[in-house]
Amino acid sequence: MRIKPTFKRNNHLLSVADLGTQELRDILHLMKLLKDAEREGVRLPLLKDKVLGMIFEINSTRTRISFESAMTQLGGHAEFLSTRTLWVGEGHESMRDTAEVISRMTDGVIMRCESQETMELFARYSYVPVFNGMTLDYHPTQALADVFTMMEHLPNTPLQDMTIMYMGDNNAAYDHNTPVQTELMHMAARLGMTYIACGPQEMLVCDRDKQMFQKLAAESGSGARLIETTDPYEYIADVDFTVSDAFCEGSDETSETTRRRRALLYPAYQVSQQLVDAGKPRLGVMHCLPGKRGEEIADEVWDGPNSLLFEEAENRLNAQKAIVTWFMYTDPVGEAAQRYHMGRVQGFLHQAKRETPAGKYLIDHSEC
């Protein structure tokens, strides 16, 4: 009889908007517990023998390495799968059939692809949790790592008292290039943070995302605030963290898109030393990376005392460890059940008529 997947949407991590406030707080707390253990030299085999399938359509540094390292440190295994080497796509197997096959052989799947619709389709037919490793719409794993970094930087400041200023493109409807920004807005709305969208008029928050922010804040009763400005200095004295992303990531330097975006964003929305000096002494400067030194963030700030760029990158590992543990951990099978099944399998192998590997290569020394 055919079995169909029964996962609900929040059994996956497709966007942080799908998760409730308490669940987000629990995952952030789990990050701290796992990082505390790592600092003591303790690695917990919470996912022993579990397998994570990793389907990548887009190149990656931090996402791929952090998920692979997370699974290894938790006692499991990550299987890298490129869409170029899978039998999927036009003229081949459908994404639905691919989801059914891969999810029957793994305990979780992380996907990184351009289309959110592709991610949603895979998750709909998956038998295991699916994690969004980035689409052009959402990047939940980055947003979770970012907020955790903020909590570490200001450990005595409640989330509802923190103010984020996102520098640059805040408009998902402009160039469809805001996956991190969108998810940070979702996190801020759920957790009660003040979110300042700072950019040119054309790149301020679209109506759809404003409505989503208000909806999530109302559902959570968080009191989160959304502020917009075209002037980086207007609120800088109140800001705890500036957050940047690549102004023109992956674009042809000679393309019209690159020229247009750079003219709007640089240097007006660069995090310069002058801007940092106008802010709080403990202002944290963040960037999801990859970025262009000297463009989104001035060189002296990139490597300066206010920079959290590489702490933020390191925390991608802690975020992934918490994410895969939260969604994939199951209570271990009891020793009695293990002994029972081991006995059945070993008993069969002992009585089966077969030539063992050792027997095939055993050297006969009887006439030596």
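Here, every reference points to the structure presented above.
Scoring rules and cut-offs
- Residues numbered from 1 in each chain as written.
- Predicted model: local features only at pLDDT ≥ 70, side-chain atom pairs only at ≥ 80, totals over all residues.
- Heavy atoms only, no water.
- Pairing = 2+ DSSP bridges.
- Helix = DSSP H or I, 4+ residues; strand = E, 2+ residues; numbered from the N terminus.
- Axes fitted to C-alpha atoms, helices over the stretch in contact; angles between N-to-C directions.
- Contact = heavy atoms within 4.5 Å.
- 1 Å grid on protein atoms, 1.4 Å probe; cavity = no way out; pocket = protein on both sides within 12 Å on 5 of 7 lines; lining within 4 Å.
- Points joined across faces, edges and corners; volume = space filled by probe spheres on them.
- Parallel < 35°, antiparallel > 145°, perpendicular 65-115°, else oblique.
- Nonpolar A, V, L, I, M, F, W, Y, C, P; charged D, E, K, R; others polar.
- Buried < 20%, exposed > 50% of the residue type's maximum accessible area, 1.4 Å probe, protein only.
- Arc of directions from axis to C-beta.
- Core = buried A, V, L, I, M, F, W, Y, C linked by side-chain atoms within 4.5 Å.
- Patch = residues over 30% accessible without salt bridge, like charges linked within 9 Å, V, L, I, M, F, W, Y side chains within 5 Å.
- Areas by Shrake-Rupley, 256 points an atom, 1.4 Å probe, with all protein chains shown as cover.
- Salt bridge = Lys/Arg side-chain N within 4 Å of Asp/Glu carboxyl O.

## Digging into the sheet that holds strand β5 (residues 163-167)
Next, step 1: Taken together, the five strands give an open sheet; going across it, the order is β7-β6-β5-β8-β9, and neighbouring strands pair in parallel fashion. Every interior strand has two partners, whereas the edge strands, β7 (225-229) and β9 (284-287), have only one. Strand-to-strand twist in this sheet, taken as the mean axis angle between neighbours without regard to direction, amounts to 20 degrees.
Next, step 2: Alignment of β5 against strand β8 (residues 241-244), held across three bridges, turns out to be parallel. Bridging from a neighbouring strand, Tyr166 pairs with Val243 of β8.
Next, step 3: Against the sheet, helix α5 (residues 140-153) touches β5, β8 and β9, its axis set at about 160 degrees to β9.

## Quick notes on the layout of surface pockets
Next, step 1: The space that makes up the largest pocket amounts to roughly 640 Å³.
Next, step 2: Forming the boundary of the largest pocket are 37 residues, of which Met134, Asn177, Pro179, Asp245 and Glu249 lie nearest the centre.
Next, step 3: Every element with two or more residues in the lining of the largest pocket is listed here: α2 (62-73), β5, α6 (179-191) and α8 (256-265).
Next, step 4: Ranked by residue count, the leading element in the lining of the largest pocket is α8, at three residues.

## Description of the packing of helix α1 (residues 21-39) against α6
Next, step 1: Where α1 meets α6, the closest approach of the two axes is 9 Å, and the angle between their N-to-C directions is 105 degrees. Judged on the interaxial angle alone, α6 and α1 are roughly perpendicular. In this structure, α1 contributes Thr21, Leu24, Arg25 and Leu28 to the contact, and α6 contributes Met187, Arg190 and Leu191.
Next, step 2: Partitioned by chemical class, the residues of the contact of α1 with α6 number four nonpolar, one polar and two charged.

## Re α8
Next, step 1: When α8 is considered as a whole, its buried residues turn out to be Thr258, Arg261, Leu264 and Leu265. Taken down its axis, α8 places every buried residue within 135 degrees of arc, on the same side. Facing away from the buried surface of α8 by more than 90 degrees, the exposed residues are Glu256 and Ala263.

## Let's talk about the nonpolar core
Next, step 1: Of all hydrophobic cores here, the largest spans 57 residues; its most connected members are Leu52, Phe131, Leu144 and Val324.
Next, step 2: Considering every element that reaches this core, the biggest residue donor is α6, with seven residues.
Next, step 3: Counting 24 residues, the second largest nonpolar core, distinct from the first, contains Met165, Ile196, Ile236 and Trp302.

## Some thoughts on unusual backbone geometry
Next, step 1: Here the bond from Tyr266 into Pro267 is cis, since omega is 5 degrees, no more than 30 degrees from zero.
Next, step 2: The residue Pro267 is located in the loop between α8 and α9 (273-277) in this model.
Next, step 3: Note that the residue after Leu289, namely Pro290, is joined by a cis bond; omega there is 0 degrees.
Next, step 4: Tracing the backbone shows Pro290 in the loop between β9 and α10 (299-302).
Next, step 5: Despite not being glycine, Asp49 has its phi angle at roughly 70 degrees, a positive value.

## Observations concerning a nonpolar patch on the surface
Next, step 1: Judged by side-chain polarity, Val345, Phe348 and Leu349 come together as a nonpolar surface patch covering roughly 270 Å² of accessible area.
Next, step 2: Locating Leu349 in the fold gives a position in helix α12 (residues 335-351).
Next, step 3: Owing to a relative accessible area of 35%, Leu349 belongs among the partly exposed residues under this scheme.

## Side note on the environment of Pro281
Next, step 1: Mapped onto the elements of the fold, Pro281 is located in the loop between α9 and β9.
Next, step 2: Relative accessible area serves as the criterion here: at 81%, Pro281 is assigned to the exposed category.
Next, step 3: For the pair Pro281 and Asn306, spaced 25 residues apart in the sequence, the C-alpha separation amounts to 8.2 Å.

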